[in-house]
Amino acid sequence: MKRVFRTLSVLALGSMLAACGNNAGATKQADTGSEGSTQASESKSADGVANVTIWSPTDTAAIEAWWTEKIDQWNKENPDIQVKREAIDRADAYAYENKITTATTSGNLPDILYVDGPMVSYYAANGITVPLDSYFPADDLKDFMPSTVQADTYDGKLYAIAPTESSVALFYNKDYLDKAGIPYPSDTDIKQAWTWSQFLDNAKKLTTADYVGTNIIMDKGEGIIYALGQFFTEGGAQFVSDDGSKADGYINSDASVKTAEYLNEFIKNGYANLDPVKDEFLNGKAATLLGGSWNIADLEKSNLNWGVSYFPVADDGKAASPTGDWAAAITKDSKNPDAAGKFLQWAMNSDNIASYASAVAKPASRTSSYDKMEGWDSGARALMKWQLQNTGVSRPRTPSYSVLSTDFSTAMLNIFSGSNAKDELDNVAKNFDENYEMYYKK
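Since the structure is predicted, the reported quantities are computational estimates derived from the model, not experimental observations. (Residues numbered from 1 in each chain as written. Predicted model: local features only at pLDDT ≥ 70, side-chain atom pairs only at ≥ 80, totals over all residues. Heavy atoms only, no water.)

In this structure, what is going on with the overall build of the chain? I would like to understand it.
Scanning the chain from N- to C-terminus turns up 16 helices and 10 strands. By element, 46% of the accessible surface of the chain is carried by carbon and sulfur atoms, the whole surface being about 17400 Å². (Helix = DSSP H or I, 4+ residues; strand = E, 2+ residues; numbered from the N terminus. Areas by Shrake-Rupley, 256 points an atom, 1.4 Å probe, with all protein chains shown as cover.)

Quick question: what am I supposed to make of the sheet that holds strand β4 (residues 129–130) here?
Backbone-to-backbone hydrogen bonds pair the strands of a sheet. The strands run either parallel or antiparallel. Taken in spatial order, the five strands of this open sheet run β2-β1-β3-β10-β4, and their pairing is mixed. Strands at the two margins of the open sheet, each flanked by one partner only, are β2 (81–88) and β4. In terms of strand pairing, strand β3 (residues 112–116) meets strand β10 (residues 326–331) through five bridges, oriented antiparallel. The residue bridging Val115 from the neighbouring strand is Ala327, located in β10. Sitting on the sheet, helix α2 (residues 61–77) is in contact with β1 (50–57), β2 and β3, with an inclination near 165° to β2. Strand contacts of helix α3 (residues 95–106): β1, β2, β3 and β10, with the helix running at about 140° to β1, the strand carrying the most contacts. (Pairing = 2+ DSSP bridges. Contact = heavy atoms within 4.5 Å. Axes fitted to C-alpha atoms, helices over the stretch in contact; angles between N-to-C directions.)

Can you walk me through the side chain of Ser293 in this structure?
Following the sequence through the fold, Ser293 ends up in the loop between β8 (288–292) and α11 (295–301). A residue is classified by how much of its surface remains accessible, and Ser293, at 4% relative accessible area, is buried. With residues near it in sequence (within four places) discarded, Ser293 still touches Ser166, Ser167, Ala361, Pro363 and Met384. (Buried < 20%, exposed > 50% of the residue type's maximum accessible area, 1.4 Å probe, protein only.)

Which parts of the structure should I look at to understand the pattern of salt bridges?
Across all of its chains, the model carries 17 salt bridges by this definition. Note that Asp143 and Arg366 form a salt bridge whose closest N and O atoms lie 2.8 Å from each other. With a gap of 223 residues between them, Asp143 in the loop between α5 (138–141) and α6 (146–151) and Arg366 in the loop between α13 (350–360) and α14 (379–390) connect regions that are remote in the sequence. The buried category is assigned to Asp143, whose relative accessible area is 18%. The residue Asp275 makes a salt bridge to Lys220 at a minimum N-O spacing of 2.3 Å. Note that Asp275 is positioned in the loop between α10 (254–268) and β8 and Lys220 in the loop between α8 (196–206) and α9 (222–234), a separation of 55 residues in sequence. Residue classification places Lys220 among the partly exposed positions, given a relative accessible area of 39%. If you follow the salt bridges from partner to partner, you end up with Asp140, Asp143 and Arg366 in one network. (Salt bridge = Lys/Arg side-chain N within 4 Å of Asp/Glu carboxyl O.)

Right, dumping it as structure tokens:
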């Protein structure tokens, strides 16, 4: 268990949640469905009832209401398996991860634990979670987004399952493009999306004394690798080796360095701000935005004359787009894993995912769920759905992900501030390889 103490201390990436959707306004409701417990559920009670406990972060009022409704429904229909949920407040960004750390070392994890997508590999590699393949066979997984299955799989086995996804696209201010004489990029044909060269050139043309050409800084934590990472994929680079064990020669490759230097062109030339003002695009202070699927609802409520197009593609046409969201896993401490698995099968069916995704205004992870959801057949939502089905790529799968993400964010911010790209990425590779070598090399 020595891995747990070292790596979980790095786990608390304060902004990780922001990269997978905006949870602003999350409630502090706890224990949806019944009285809460901080202990793992016990085995069957004297009357033969299997108790299943869920931990997940607090969410919006709509999602908290969804949990209450669904758990009550399940408990009424399944008297032999009783479910309760503890919603853990994330006002303190470290509270959720610290609670998991304590429970991991004391053997008091819940039956079902929600984890952020990039951390699935970490929990799996450390034996904190167990495979779910028997509950979600290959035929069932065909209905899930490829990026969802990719992110939730480690070492050839499924270790988690996510109800929703996320994506990033290019939003633009139509009035500003009209003023600059720039044609709108397409939202129905990726062959007419902006290429890297067009994105950079247009950002230059769109930059004025009153607003910058684009906003590429989602946040200065997980948002760096989440929103900008697929530029590296499009540029022919990758962060780590295919088995997730090595970064040297990958994150610091020539292709990676060139991609980092390309992104730095936006910052160093003043086409984008390293410290954007709040809601920079929404408030007319940026002409374009690399924004998430969660931005759509706010834009629809605004008076901004906006449009959307695909995540910028490489000049050679290679396309990739960000993905990822929170996923449910069954823990090693579960005394009723089969009961937990049955609940997850039900909670992740097409109907329930459709209602969950609609409540949180995120893309559904199941393709069939869209038949039961409104607003996903055209416009920005349809584009996000298309990207998930066709160009979505998950973040790197490796048990040393938290080290990679933290160091990569620091490196990119240093590059944006004038540091040498090769030197910074060499440092990321060095720290990653040392971490993997110390804690995970077999």
